[in-house]
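# A structural walkthrough
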Amino acid sequence: MSGKNNWEDPEKLSKQVGATLRSIRKERNLSLSDLAERTDVSNLTLGKIERGEANPSLTIIWKIANGLAIPISSLLAEKQDVVISKKHEGQKVLSANESLVLEPMFNMKGYDSLETHRAFLEPNSEYSADAHQQGLIEYITVMEGRVNVRVQNEIYELELYDSIKFQADQDHAYINPDSVGAVLHFVMIYTQA
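Residues numbered from 1 in each chain as written. Predicted model: local features only at pLDDT ≥ 70, side-chain atom pairs only at ≥ 80, totals over all residues. Heavy atoms only, no water.

## Here's the deal with the pairing of strand β9 (residues 172-176)
The buried fraction of β9 is high, at 5 of 5 residues. Burial along β9 is two-sided: His172, Tyr174 and Asn176 facing one way and Ala173 and Ile175 facing the other are all buried. In the sheet, strand β4 (residues 125-129) pairs with β9 via 5 bridges, with the strands oriented antiparallel. Counted as the bridge partner of Glu126 is Ile175 from β9. Relative to β9, strand β6 (residues 147-151) runs antiparallel, the two sharing 4 bridges. Following the sheet pairing, Asn148 is matched in β9 by Ile175. (Buried < 20%, exposed > 50% of the residue type's maximum accessible area, 1.4 Å probe, protein only. Helix = DSSP H or I, 4+ residues; strand = E, 2+ residues; numbered from the N terminus. Pairing = 2+ DSSP bridges.)

Okay, structure coming up:
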């Protein structure tokens, strides 16, 4: 394997996301205005993303994926036959407040789409997610540290190796109450709604 990967080269990731977004938009015969209306992301921002001139935050990527009803990995996945996912060596997407770094790992397409991610939650921080697309189920396991997961108004305390499953088409958040970082493993299943 040669050259920089997307972890080392955010410009490469931006260009890949942009080219993939443009391809999906054209396949669906959507104008930028149509896409902006579906995603609640401005025409200007979408145009910059498609041209690889902007590095979208995790919130923007979720808005686009939700508006197109696709897994976020559809925008982020590199096309390869064999993929090894090593921490800090693959793609990464930052939350807008930089409290969470998401590393997409694998995705599998079929009747339901499945994808896995590794996430790093900063000490004493919170990442709040808006409701994702209808039918998305998240399975989360704490691999390091301790995390509180808020689903709607209910808080669930997770210790090392504890897991939670919930419908992610509602507001939710990941809260690290400790002074050390936490590592999460996500499995996301996009069911047919």
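Next, the rest of the story.
## Some remarks on the environment of Asn124
One can find Asn124 in the loop between β3 (113-121) and β4. With a relative accessible area of 52%, Asn124 lands in the exposed category. Between the alpha carbons of Asn124 and Asp178 there is a distance of 5.4 Å; along the sequence they are 54 residues apart. In contact with Asn124, not counting residues within four places along its chain, are Asn176, Pro177, Asp178 and Ser179. (Contact = heavy atoms within 4.5 Å.)

## Here's the deal with empty space enclosed by the protein
Summed over the entire model, instances satisfying the criterion amount to 1 cavity of 30 Å³ or more. Estimated volume of the largest cavity: approximately 60 Å³. As for the largest cavity, its lining consists of Leu58, Trp62, Leu100, Leu102, Tyr127, Ala129, His132, Glu138, His172, Tyr174, Phe186 and Met188. Secondary structure elements with two or more residues in the lining of the largest cavity: α4 (58-68), β2 (100-108), β4, β9 and β10 (182-190). Considering only residue class, the lining of the largest cavity consists of 9 nonpolar, 2 polar and 1 charged. (1 Å grid on protein atoms, 1.4 Å probe; cavity = no way out; pocket = protein on both sides within 12 Å on 5 of 7 lines; lining within 4 Å. Points joined across faces, edges and corners; volume = space filled by probe spheres on them. Nonpolar A, V, L, I, M, F, W, Y, C, P; charged D, E, K, R; others polar.)

## Re the packing of aromatic side chains
Counted by the stated rule, this structure contains 2 aromatic pairs. With 6.2 Å between their ring centres and 5° between their planes, Tyr127 and Tyr174 make a pair best called stacked. With Tyr127 in strand β4 and Tyr174 in strand β9, this residue pair connects regions lying 47 residues apart in the sequence. Using a relative accessible area of 6% as the deciding quantity, one classes Tyr127 as buried. Ring centres 5.3 Å apart and planes at 75° place the aromatic pair Tyr174 and Phe186 in the edge-to-face group. Of this pair, Tyr174 sits in strand β9 while Phe186 sits in strand β10, placing them 12 residues apart in sequence. There is no split in this pair, since Tyr174 and Phe186 are both buried. Within the aromatic cluster, the residues linked to one another by ring pairs are Tyr127, Tyr174 and Phe186. (Phe/Tyr/Trp six-rings, centres within 6.5 Å; stacked < 30°, edge-to-face > 60°.)

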